[in-house]
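Here is how the chains run, residue by residue.
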Amino acid sequence: MNEKNLCKGCVESVMVTEEVIQELVKEADEDPSVIVSEEVYHARLKMCNSCPSLQYGTTCAHSGCIVRYRAKFKNKSCPFAGKPKWEKVS
């Protein structure tokens, strides 16, 4: 893997398992007051999945965040510098 494919703060050996991602998403769902609707969540994921900055199918190269986790929260926005693909929700 060449260096341009590495996400912010990652090395090639840093991979997150599906089980870890599912546990993070499950924990986020425990407080419905801080998470977006399912409709907003799926729209955000659709944008992330089509973004060239998605690494390993799980991680945003701009923030190092797991997109399926970050996309859950109302207070988070897309970290794409200068041109976010989705915004915070009030």
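The rules behind these values
- Residues numbered from 1 in each chain as written.
- Predicted model: local features only at pLDDT ≥ 70, side-chain atom pairs only at ≥ 80, totals over all residues.
- Heavy atoms only, no water.
- Helix = DSSP H or I, 4+ residues; strand = E, 2+ residues; numbered from the N terminus.
- Contact = heavy atoms within 4.5 Å.
- Areas by Shrake-Rupley, 256 points an atom, 1.4 Å probe, with all protein chains shown as cover.
- Disulfide = S-S within 2.5 Å.
- Buried < 20%, exposed > 50% of the residue type's maximum accessible area, 1.4 Å probe, protein only.
- Salt bridge = Lys/Arg side-chain N within 4 Å of Asp/Glu carboxyl O.

Asker: Teacher, can you tell me more about the overall build of the chain here?
Answerer: Tallying secondary structure elements over the chain gives three helices and two strands in all. Sequence-ordered secondary structure for the chain, helices as α and strands as β, is α-α-β-β-α. Intrachain contacts of the chain at a sequence separation of at least 6 include 59% that bridge at least 24 residues. Of the roughly 5900 Å² of accessible surface on the chain, a fraction of 54% belongs to carbon and sulfur atoms.

Asker: What is the right way to read the state of the cysteines from this model?
Answerer: In a disulfide, the sulfur atoms of two cysteines are covalently bonded to one another. Counted according to the given criterion, the structure contains zero disulfides. In this structure Cys-60 is a free cysteine whose sulfur lies 6.2 Å from that of Cys-78, the closest cysteine sulfur available. Here Cys-60 falls in the buried class, since its relative accessible area comes to 10%. A disulfide-free cysteine, Cys-78 has its sulfur positioned 6.2 Å from the sulfur of Cys-48, the nearest such atom. Judged by its relative accessible area of 10%, Cys-78 is buried.

Asker: What exactly am I supposed to notice about the pattern of salt bridges here?
Answerer: Pairing of side chains with opposite charge becomes possible as their charged atoms draw close. Using the criterion set out here, one finds three salt bridges in the structure. With a shortest N-O distance of 3.6 Å, Glu-38 and Lys-72 are connected by a salt bridge. One end of the pair, Glu-38, is in helix H2 (residues 38-49); the other, Lys-72, is in the segment after helix H3 (67-70), with 34 residues separating them in the sequence. Residues joined in a network through salt bridges with shared partners are Asp-29, Glu-38 and Lys-72.

Read these as geometric descriptors, not functional statements.
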